[in-house]
Amino acid sequence: MRFVLRILKALALLVVLFVIGDGGWLFVRPPELLRVGDGYAAKIVCSNVFIAGREAEEVLEDDVQAPGNPLLRLVRVSVDRDNGRVTARFLGLFAPSYALYRGAFGCTSVPDGNFEAAANAVPFDVPAGVEVNEALWPEGEGAGDRRDAKIAALLTDARLAGPTMRAIVVVRNGRIVAEAYGPGFSAKTPLIGWSMTKTVNAAIVGRLMLDGKISFDDDDLLAQWKNDGRAKIKVSDLLGMESGLAFNEDYGDVADVTRMLYLDPGMVSLPANAPMDAEPGKRFRYSSGTAVLLSRIWMDRVGNAQAAFSYPGDALFSPLGMTSAVFELDARGTFAGSSYLYATAHDWARFGQFLLQDGVWDGQRLLPEGFVGAMRTPTAASNGRYTQGQAWLAPGGSNAKSGLPEDTFWLTGHDGQSMAIVPSADLVVVRLGLTPSWLGYQPQTLLKAVLGALPQTGAPQQQAVSQQPAQPQP
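Rules used in this analysis
- Residues numbered from 1 in each chain as written.
- Predicted model: local features only at pLDDT ≥ 70, side-chain atom pairs only at ≥ 80, totals over all residues.
- Heavy atoms only, no water.
- Patch = residues over 30% accessible without salt bridge, like charges linked within 9 Å, V, L, I, M, F, W, Y side chains within 5 Å.
- Areas by Shrake-Rupley, 256 points an atom, 1.4 Å probe, with all protein chains shown as cover.
- Salt bridge = Lys/Arg side-chain N within 4 Å of Asp/Glu carboxyl O.
- Helix = DSSP H or I, 4+ residues; strand = E, 2+ residues; numbered from the N terminus.
- Pairing = 2+ DSSP bridges.
- Axes fitted to C-alpha atoms, helices over the stretch in contact; angles between N-to-C directions.
- Contact = heavy atoms within 4.5 Å.
- 1 Å grid on protein atoms, 1.4 Å probe; cavity = no way out; pocket = protein on both sides within 12 Å on 5 of 7 lines; lining within 4 Å.
- Points joined across faces, edges and corners; volume = space filled by probe spheres on them.
- Nonpolar A, V, L, I, M, F, W, Y, C, P; charged D, E, K, R; others polar.
- Parallel < 35°, antiparallel > 145°, perpendicular 65-115°, else oblique.
- Left-handed = near helix turned anticlockwise from the far one by under 90°.
- Buried < 20%, exposed > 50% of the residue type's maximum accessible area, 1.4 Å probe, protein only.
- Core = buried A, V, L, I, M, F, W, Y, C linked by side-chain atoms within 4.5 Å.
- Phe/Tyr/Trp six-rings, centres within 6.5 Å; stacked < 30°, edge-to-face > 60°.
- Lys NZ or Arg CZ within 6 Å of the ring centre and 35° of its normal.
- Expected span 1.5 Å × (residues − 1).
- Polar contact = N/O pair within 3.5 Å; in protein donor to acceptor, adjacent residues only side chain to side chain.

Peer 1: What's the story with a nonpolar patch on the surface in this structure? I'm lost.
Peer 2: A contiguous nonpolar patch, built from Leu33, Leu71, Leu74, Leu91 and Leu93 and spanning about 380 Å² of accessible area, is present on the exposed surface. Tracing the chain through its elements places Leu91 in the loop between strand 2 (85–90) and strand 3 (94–101).

Peer 1: Even after reading the chapter, I still don't get the sheet that holds strand 4 (residues 107–109), so can you show me in this structure?
Peer 2: Neighbouring strands of a sheet are bound in pairs by backbone hydrogen bonds; such pairs are parallel or else antiparallel. The strand order across the open sheet formed by four strands is 1-2-3-4, and the pairing between neighbours is antiparallel. In the strand order of this sheet, the two ends are held by strand 1 (75–80) and strand 4, each with one partner. Taken pair by pair, the neighbouring strands of this sheet meet at an average axis angle of 20 degrees, ignoring direction. One ladder, built from five bridges, connects strand 2 with strand 3; its direction is antiparallel. Counterpart to Phe90 in the pairing with strand 3 is Phe94. Contacts from helix 2 (residues 32–50) reach strand 1, strand 2, strand 3 and strand 4, with the element oriented near 30 degrees to strand 3.

Peer 1: Is there a simple way to explain empty space enclosed by the protein in this structure?
Peer 2: Using a probe with the size of a water molecule, rolled over the atoms, empty space left in the structure can be pinpointed. A full pass over the atoms with the stated rule returns seven cavities of 30 Å³ or more. In this model, the largest cavity occupies a volume close to 140 Å³. Around the largest cavity, the lining comprises 16 residues; the ones closest to its centre are Asp63, Arg166, Ile192, Trp194 and Leu434. Breaking the lining of the largest cavity down by element, the ones donating at least two residues are helix 2, strand 7 (191–192) and strand 14 (427–433). At three residues, the largest contribution of residues to the lining of the largest cavity is made by helix 2. Its residues assigned to classes, the lining of the largest cavity shows nine nonpolar, three polar and four charged. Of the volumes computed, that of the second largest cavity is approximately 50 Å³. Lining the second largest cavity are Met241, Glu242, Ser243, Gly244, Leu245, Phe247, Arg283, Arg285, Ser287 and Thr290. Taken together, the residues of the lining of the second largest cavity break down into three nonpolar, four polar and three charged.

Peer 1: How do you make sense of the packing of helix 7 (residues 196–210) against helix 13 (residues 345–356) when you look at a structure like this?
Peer 2: When two helices pack together, their arrangement is captured by the angle between the axes and the distance separating the axes. Relative orientation of the contacting elements helix 7 and helix 13 amounts to 50 degrees, with a least axis distance of 12 Å. As far as their axial angle goes, helix 13 and helix 7 are oblique. Judged by the sense of rotation from one axis to the other, the crossing of helix 7 with helix 13 is left-handed. Between helix 7, through Met196, Thr197, Thr199, Val200 and Ala203, and helix 13, the contact on the second element is made entirely by Trp348, Phe351 and Leu355.

Peer 1: Hey, could you run me through the pattern of salt bridges in this one?
Peer 2: In a structure, side chains of opposite charge can pair up when their charged atoms sit close to one another. Under the defined criterion, the tally for this structure stands at 16 salt bridges. For Arg285, the salt bridge goes to Asp277, with nearest N and O atoms at 3.0 Å. Judged by relative accessible area, which is 28%, Arg285 ranks as partly exposed. Arg365 is the partner of Asp358 in a salt bridge, and the nearest nitrogen-oxygen pair spans 3.2 Å. Exposure remark for Arg365: the relative accessible area of 27% places this residue in the partly exposed category.

Peer 1: Explain the nonpolar core to me, please; I cannot follow it from the model alone.
Peer 2: Here is a general trend for soluble globular proteins: nonpolar side chains tend to be buried in one another's company. Of all hydrophobic cores here, the largest spans 113 residues; its most connected members are Phe351 and Leu355. Per-element accounting of this core gives the leading share, nine residues, to helix 2. Dropping the residues within four chain positions of it, Leu355 is found in contact with Thr199, Leu367, Val372, Met375, Phe409, Leu411 and Ile421. Core analysis: the second largest hydrophobic core is formed by 30 residues, Phe284, Val429, Val450 and Leu454 among them.

Peer 1: Quick question: what am I supposed to make of the packing of aromatic side chains here?
Peer 2: In this description, a pair of aromatic rings is defined by centroid distance and the angle of the planes. Inspection of every chain in the model, using the stated rule, returns 15 aromatic pairs. With 5.5 Å between their ring centres and 70 degrees between their planes, Tyr98 and Phe115 make a pair best called edge-to-face. Here Phe115 lies in helix 4 (residues 115–120) and Tyr98 lies in strand 3, a separation of 17 residues in the sequence. In this pair, the class of Tyr98 matches that of Phe115, namely buried. Through a chain of ring-to-ring contacts, the aromatic side chains of Phe284, Tyr286, Tyr386 and Trp392 assemble into a single cluster. Residue placement shows Lys43 over the ring face of Tyr340; its charged tip is 3.9 Å from the ring centre. The ring centre of Phe115 lies 4.0 Å from the NZ or CZ of Arg85, which sits over that ring.

Peer 1: Which parts of the structure should I look at to understand helix 11 (residues 288–302)?
Peer 2: Owing to its 3.6 residues per turn, the α-helix aligns residues three or four sequence positions apart on the same side. Here helix 11 spans 22 Å end to end across 15 residues, near enough to the 21 Å set by a 1.5 Å rise per residue. In terms of burial, helix 11 is largely enclosed, as 12 of its 15 residues are buried. Of the residues making up helix 11, those classed as buried are Ser288, Gly289, Thr290, Ala291, Val292, Leu293, Leu294, Ser295, Ile297, Trp298, Met299 and Val302. Buried residues along helix 11 sit in contact with helix 7, helix 8 (235–239), helix 9 (256–262), helix 10 (269–272) and helix 12 (305–320). Sitting at the amino-terminal end of helix 11 is Ser287, which places a side-chain oxygen 3.2 Å from the backbone nitrogen of Gly289. Just past helix 11, the residue Gly303 takes up positive phi, approximately 135 degrees.

Right, dumping it as structure tokens:
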């Protein structure tokens, strides 16, 4: 026993000597990987504490550490609620990174620690309280009497719901027919959509198209591209992930995407300065940088900064009644169109119903005719997987192979967030959670089960829906 204790003491001494020897280096020049990990932790904790009202240690454990990266299990966070700040440090000591809460604009990563610049980049206000409207969904939050016991039973099947499910909402003929929530979550909990945000961001571009301020064929999109081949990149190339710009979307290490999200206070800098390695329109490359570029472009087209900050709410969220939606921006004031939209499952479902109704809401056309058709039309370079409007036609394989209707299209997020829209069945299925891809969950299984449980006949749709994908109109 004494021998074992001596060995343990010797190992402890070695650890102390290592920390003393290398601690100075970690303080002065921490590796980028540690900074990315701390930046991720600070940002996720900040948004979930200040937007979703969750406890910091719960978020750290469940959202940051549980998915499996061993380095993240060594991250510690502190929350300054008075100043709306979150700090994350590796081992509680090294590579500090920060996030700042900015009221109605949620949280932002502040990798340079310049809180003053981050605070001044957007109008800093506190969101006003919104009274719950008891009208029937989607006009309000009322449940009504359209619940389907058969579909509700499916949502209790852990195999169909998937591990760490947080919310599922099934909408049929314009009404919620079933919903389920994971432990600690409810219809009132705002949840991140990750890359489902890209499709919402694309819809904002569509709103500007309806106003005549941007078109699919626009090029010469950024001043710094004017004198080289990037001037030929069109809005349609960005929407279809076919810009030809180099961008590394590998989340396993410090790649372009993680550097953009957690090391750059201005996210647009990296993709805007990326070189071209293919001709526009010739190669599909999934790129979160592309979505951030679209954010910067549409914000510049709105006209002025204040109007641009208000535009998502004024042009999309308010008309749809998405009262919980919080679209976050980077530390320099560009909407993070790749990743950071929080909303309740009911509000995510409202957006899905809006697309199902071909961009028409309450009798008013909010997207140009043909725009949702572009979201349902595959690009040639993606081999039929991705569409012309920042959506997936068949993530992970074809709809036909999964036994799904051909007109199904998808919004997806990298941690198991998904929204399936099936116009021919007048169906929207939203599934939110924290389910990393290595767990192997496929939302197609849930959708197929729901489709199989639907009555053979349904009520007329609320709005006219285009049954065939329309071609985009410049």
